[in-house]
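# Chains, contacts and geometry: an overview
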Amino acid sequence: MKSIKNIISIVLIVVTIVSCSNKPSLQKYYIENQENQNFMVIDIPTSILNINEDSLSAKQLTTFKSIKKVNFLGFKKTSENLAVYLTESKKVKNILADNAYKPLIKYGGNNQGAVIKYLGSDNAIEEVVIYGTDETKGFGIVRVLGNDMNPAQLIELIEVLKKSKPNSESFKDIAKFF
């Protein structure tokens, strides 16, 4: 009886240790850098888009309602923080290289580039990540967190965004950041 309790205790300890991953994630990266002076962090509620839901089709409304929140993290590159920029850029690239992030679109030209990846399954995307870099200005990461989004809905999302009339200084702050 005592040996069964010991075995169960050991199994529970092993399961607990294995389930607590020290693997880097964008969520951890955001949290670790939110107070760092090289970064700008903005949480963007969907209400900021100022979208008239009556003007949306049923499909667009479903897409819009599937979005929980949007986060922005930007690193502004300067001559003084070049080494930090290279280190942080490499960290983000390593996080996004994880097979859990599935690629959607990749763009690159001159000294700029962007990649769009997602977490989840093809039919139930949990998070869309947009990572953009400019070798002269820095990099930015946008995380779109949602419920059961799918790739087809991402096209609808673009149409929804075209109908938005943002009413916040947050977007101006992001534009000024770069």
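The paragraphs below set out a description of the structure included in this document.

How each quantity is defined
- Numbering of residues starts from 1 in each chain and follows the order in which that chain's sequence is written.
- For a predicted model such as this one, the threshold for reporting local features is a pLDDT of at least 70, and the threshold for listing and counting side-chain atom pairs is 80 or more; totals across whole chains, interfaces and linings nevertheless cover every residue.
- Side-chain figures throughout are based on the complete set of non-hydrogen atoms in the structure, without hydrogens or water.
- Ring pairs are drawn from Phe, Tyr and Trp, using the six-membered ring of Trp, whenever the two centres fall within 6.5 Å, and their geometry is named by plane angle: stacked under 30 degrees, edge-to-face over 60, tilted for the rest.
- Secondary structure elements are taken from DSSP: a helix is a run of H or I of four residues or more, a strand is a run of E of two residues or more, and numbering for both begins at the N terminus.
- Exposure classes here rest on a 1.4 Å probe applied to the protein chains alone. A residue is buried below 20% of its type maximum, exposed above 50%, and partly exposed in between.
- Whether a charge lies above a ring is judged from NZ of Lys or CZ of Arg, which has to be within 6 Å of the ring centre and within 35 degrees of the ring normal.
- In this description, strands pair whenever DSSP reports at least two bridges between them.
- Contacts described as polar in this section are N or O atom pairs within 3.5 Å, which, within protein, must combine one atom able to donate a hydrogen with one able to accept it, while residues neighboring in sequence count only if both atoms come from side chains.
- The criterion used for residue contact is that any of the two residues' heavy atoms lie within 4.5 Å.
- Note that the arc is computed from the directions linking the helix axis to the C-beta atoms.
- By convention a nonpolar core is built from buried Ala, Val, Leu, Ile, Met, Phe, Trp, Tyr and Cys residues, the set being connected through side-chain atoms within 4.5 Å.

## Quick notes on the packing of aromatic side chains
- Applying the stated criterion across every chain yields a total of 7 aromatic pairs.
- The interplanar angle of 40° and the centroid separation of 6.1 Å between the aromatic rings of Y85 and F139 together place this pair among those described as tilted. Linking Y85 in helix α4 (residues 82–96) with F139 in strand β6 (residues 138–149), this pair joins segments that are 54 residues apart in sequence. The pair formed by Y85 and F139 is uniform in burial state, with each residue classed as buried.
- The structure contains a cluster of three or more aromatic residues connected by ring pairs, namely Y29, F39, F75, Y85, Y131 and F139.
- Over the aromatic face of Y30 sits the side chain of R143, whose NZ or CZ is 5.2 Å from the ring centroid.

## Topic: the pairing of strand β5 (residues 124–134)
- Where strand β4 (residues 112–121) lies against β5, 10 bridges are found, and the strand directions are antiparallel. Each residue of the ladder has a partner; that of A114, found in β5, is G132.
- Linking β4 back to β5 in an antiparallel pair, the connection comprises 2 residues.
- Sheet analysis places β5 next to β6, joined by 9 bridges and oriented antiparallel. In the strand pairing of β6, T133 is matched with F139.
- The loop that links β5 with its antiparallel partner β6 comprises 3 residues.

## Considerations on the side chain of N71
- Mapping N71 onto the fold places it in strand β2 (residues 67–76).
- A distance of 2.3 Å separates the side chain of N71 from the side chain of D43, its partner in a polar contact.
- In contact with N71, not counting residues within four places along its chain, are Y30, I42, D43, I141, V142, R143 and L145.

## Notes on the environment of Y85
- Overall, the relative accessible area of 1% leaves Y85 in the buried class.
- Between the C-alpha atom of Y85 and that of N38, which follows or precedes it by 47 residues, the distance is 8.7 Å.
- Apart from the residues within four sequence positions on either side, Y85 is in contact with F75, K77, D134, E135, G138 and F139.

## Section: helix α3 (residues 58–66)
- Listing the buried residues of α3 in full gives Q60, T63, F64 and S66. Down the axis of α3, the smallest arc covering the buried residues is 160°, so these residues share one side. Along α3, exposed side chains directed more than 90 degrees from the buried face belong to A58 and K65.

## Some remarks on the nonpolar core
- Y29, F139 and I141 are the most contacted members of the largest nonpolar core, which totals 17 residues.
- Put simply, the parts of the chain that give this core at least two residues each are α2 (26–33), β2, α4, β4, β5 and β6.
- Sorting elements by how many residues they give to this core places α4 first, with 4 residues.
- In this structure I141 touches L26, Y29, Y30, N71, F72, L73, V92, V129, I130 and Y131, once residues within four positions along its chain are discounted.
- Grouped together as the second largest cluster of nonpolar side chains are 16 residues, M40, I42, F72 and V144 included.

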